[in-house]
Structure formats: structure tokens, C-alpha cells
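Examination of the molecular architecture
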Amino acid sequence: MITVDIDYCGNTVLVSVSGTLDEAAGQALQAALDGVTIDVRDLLVDLHRVTVMDGDGLLHLLDVHRRAECLGLRVLVTGWQPQPQQCMAQIAGIPGSGTATGERYPVAGFRRLLEDRAHRARDTADLTAE
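**A look at the overall build of the chain**
Looking only at helices and strands, the chain has 5 helices and 4 strands in total. Starting at the N terminus, the α and β elements of the chain follow one another as β-β-α-β-α-β-α-α-α. Computed over the C-alpha atoms, the radius of gyration of the chain is 14 Å, within 12% of the 14 Å expected from 2.2 N^0.38 for a compact globule of 130 residues. The dimensions of the chain, computed from C-alpha atoms along their principal axes, are 45 × 30 × 25 Å. Across the chain, 11 positive and 18 negative side-chain charges occur, with their mean positions spaced 8 Å apart.

This is the structure in C-alpha cells:
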């Protein structure tokens with residue numbers, strides 16, 4: 001289960017996420033951009049209370065990030081916990097525990113790599129489930 005709290009602070013939208021970031025998180029995360037006006041300049045996503053993330057959750061997060069950038073917003077994602085970072089490392093193919101994938105997330109090329117590999121992993125899982 002996921003909880004998303006959205007606060008408008010001047011020119012910034014603060015999105016505080018709690019719980020599990022998975023397939024069910026899409027609609028709740030998308031709501032973060034529903035009330036964005038022309039005055040909003042920044043989107044700050046706080047993941048301090050996200051203890052579990054899977055590939056689908058990562059794809060939802062990447063989608064919100066991309067949509068926010070298309071609206072002209074600067075995006076900052078903070079508070080990466082160990083399991084979500086490990087999930088990103090596994091999807092990106094970065095070996096070892098404790099990788100600093102949260103620090104790499106702001107790099108557009110890394111986000112594109114993650115998105116591509118997460119989609120491939122999901123497509124492969126869908127094919128094996130059939």
C-alpha cells in the first residue's frame with residue numbers, strides 16, 4: 001500500500017511518499033501533477049518512508065519525473081532508502097550491495113537506462129507468465 005501526500009509550497013510541489021512503491025502506485029503518484037499551475041517551478045519527491053520498491057514502482061516514478069520535466073519543472077528525488085536503491089542497482093545491472101544509485105538518479109542517461117531495463121524486465125516476466 002502507498003500513501004502520497006501532496007503539499008504546495010509557493011513555487012514547489014512537495015510529494016511525500018510512504019509505503020510500497022509498486023504497480024499499484026501509479027495513480028497516486030500521477031496525482032502529484034494534477035494541480036500543477038504555471039507558477040510551479042519545482043517538484044520535490046521525498047522517498048524517506050518508502051521501504052520497498054519494485055520495477056513497476058520505479059517505472060511509475062520515472063514516468064512522473066518525465067511528465068514533470070515536460071511541464072518545465074525541475075525535479076529532485078530525495079530520501080532513497082536501501083531497498084529501493086538496491087532495486088535500481090539490480091535493474092541497472094550494477095553489482096554489489098550499497099550502490100549509490102540514488103546519487104545517479106538525477107542523471108538523465110541513468111534514468112533512461114533504468115527505464116529501458118525495467119521495461120525489458122517486465123516484458124520478459126510477462127512472457128514467462130503466459
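**Some thoughts on the nonpolar core**
Counting residues in hydrophobic clusters, the biggest one holds 35 residues, and the most contacted among them are Val17, Leu43 and Leu114. Of all the secondary structure elements, the ones that give two or more residues to this core are β1 (2–9), β2 (12–21), β3 (42–53), α2 (55–70), α3 (82–92) and α5 (108–129). Looking at this core element by element, the count peaks at 6 residues for α2.

**Quick notes on the side chain of glutamine 30**
Of note, glutamine 30 is situated in helix α1 (residues 26–30). Among all residues touching glutamine 30, those that are not within four sequence positions of it are His60, Asp63, Val64 and Arg67.

**Considerations on the pattern of salt bridges**
Applying the stated criterion across every chain, the model contains 6 salt bridges. The salt bridge involving aspartate 56 is made with arginine 122; its shortest N-O contact spans 3.3 Å. On the criterion of sequence distance, the pair formed by aspartate 56 in helix α2 and arginine 122 in helix α5 is long-range, its members being 66 residues apart. A relative accessible area of 17% means that aspartate 56 is categorised as buried. One salt bridge in this structure joins arginine 66 and glutamate 115, with 2.6 Å as the shortest N-O distance. With arginine 66 in helix α2 and glutamate 115 in helix α5, this residue pair connects regions lying 49 residues apart in the sequence. Take arginine 66: its relative accessible area is 35%, and that puts it in the partly exposed class. The buried category is assigned to glutamate 115, whose relative accessible area is 19%.

**Overview of a negative patch on the surface**
A contiguous patch of negative charge on the surface is contributed by Glu23, Asp54, Asp123 and Asp126. A relative accessible area of 31% means that aspartate 54 is categorised as partly exposed.

**Quick word on the environment of alanine 100**
By the secondary structure assignment, alanine 100 is in the loop between α3 and α4 (101–104). Note on alanine 100: relative accessible area 29%, which makes it partly exposed. Considering only alpha carbons, one finds alanine 100 and threonine 51, 49 residues apart in sequence, at a separation of 16 Å.

Conventions adopted
Residues numbered from 1 in each chain as written. Predicted model: local features only at pLDDT ≥ 70, side-chain atom pairs only at ≥ 80, totals over all residues. Heavy atoms only, no water. Helix = DSSP H or I, 4+ residues; strand = E, 2+ residues; numbered from the N terminus. Rg over C-alpha atoms; globule rule 2.2 N^0.38 Å. Lys, Arg positive; Asp, Glu negative; His and termini not counted. Charge placed at Lys NZ, Arg CZ, Asp CG, Glu CD. Core = buried A, V, L, I, M, F, W, Y, C linked by side-chain atoms within 4.5 Å. Buried < 20%, exposed > 50% of the residue type's maximum accessible area, 1.4 Å probe, protein only. Contact = heavy atoms within 4.5 Å. Salt bridge = Lys/Arg side-chain N within 4 Å of Asp/Glu carboxyl O. Patch = residues over 30% accessible without salt bridge, like charges linked within 9 Å, V, L, I, M, F, W, Y side chains within 5 Å. Areas by Shrake-Rupley, 256 points an atom, 1.4 Å probe, with all protein chains shown as cover.

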